[in-house]
Each structure stands twice: as structure tokens, then as C-alpha cells.
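Now for the letters of each chain:
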Amino acid sequence: MLFVGQKRWEDDIRACFDMLFKAINAGVGGQIQAIAEDGEETWTLVDGLVVPTNPKLQKKYLKDKKSY
């Protein structure tokens, strides 16, 4: 992953890692409490849903009852 550009990471590879992460979590029967990227928490658990820490996005996710 050393030579992968930011755009390629965001557009292509990140989604694959997200799916892998969720599959492993479901396989071991875990619950995601929070997600940190580059040392900064970007997703958190609120009312049983894993939602973005960004207030605007969080409000939208909670309204639609969407989770990571």
C-alpha cells in the first residue's frame, strides 16, 4: 500500500477494506464501537448505530437510521 495514491485509495481500495473489516467483525460476533483513521476518530457508536463524528453527516445517518 506504500505506493497507492490518495485518490486511488479513496475511490477503489478503501471500500474493499471496509467490507473486509465488517465481514471479519460479523464472523467473530463483534460490535464496532468506533473507527479511527490516522489517529482521529471518524465514526462512533450512537444509539446502537455506528455513525460519522461529523455533526452534519451524523444527523443524516441518525435520521435515516443508517450505520457504517
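Model, not experiment: these values are computed from the prediction.

Before going further, it helps to spend a moment on helix α2 (residues 55-64). Taken across its 10 residues, α2 has 1 buried, putting it largely on the surface. The distance from a side-chain oxygen at the start of α2 to the backbone nitrogen of K56 is 2.9 Å, and the residue carrying that oxygen is N54. Phi for K65, located one or two positions after α2, is positive at around 55°.

Residues other than glycine seldom take positive phi values, yet D38 does so here, at roughly 55°. Here D38 lies in the loop between β1 (34-37) and β2 (40-46). According to the relative accessible area criterion, D38 is exposed, its value standing at 87%. Not every positive phi belongs to a glycine, and D47 is a case in point at roughly 50°. Relative to the helices and strands, D47 is located in the loop between β2 and β3 (49-52).

Further remarks concern the sheet that holds β2. One open sheet accounts for 3 strands, arranged β1-β2-β3; its pairing is antiparallel. The sheet is open, and its two borders are formed by β1 and β3, each paired with just one other strand. Adjacent strand axes in the sheet meet at a mean angle of 25°, parallel and antiparallel pairs treated alike. As paired strands, β2 and β3 are joined by 4 bridges and run antiparallel to one another. Its bridge partner being in β3, V46 is matched across the sheet by L49. Helix-sheet contacts for α2 involve β2 and β3, and the interaxial angle to β3 is about 150°.

The rules we used
- Residues numbered from 1 in each chain as written.
- Predicted model: local features only at pLDDT ≥ 70, side-chain atom pairs only at ≥ 80, totals over all residues.
- Heavy atoms only, no water.
- Buried < 20%, exposed > 50% of the residue type's maximum accessible area, 1.4 Å probe, protein only.
- Helix = DSSP H or I, 4+ residues; strand = E, 2+ residues; numbered from the N terminus.
- Polar contact = N/O pair within 3.5 Å; in protein donor to acceptor, adjacent residues only side chain to side chain.
- Pairing = 2+ DSSP bridges.
- Axes fitted to C-alpha atoms, helices over the stretch in contact; angles between N-to-C directions.
- Contact = heavy atoms within 4.5 Å.

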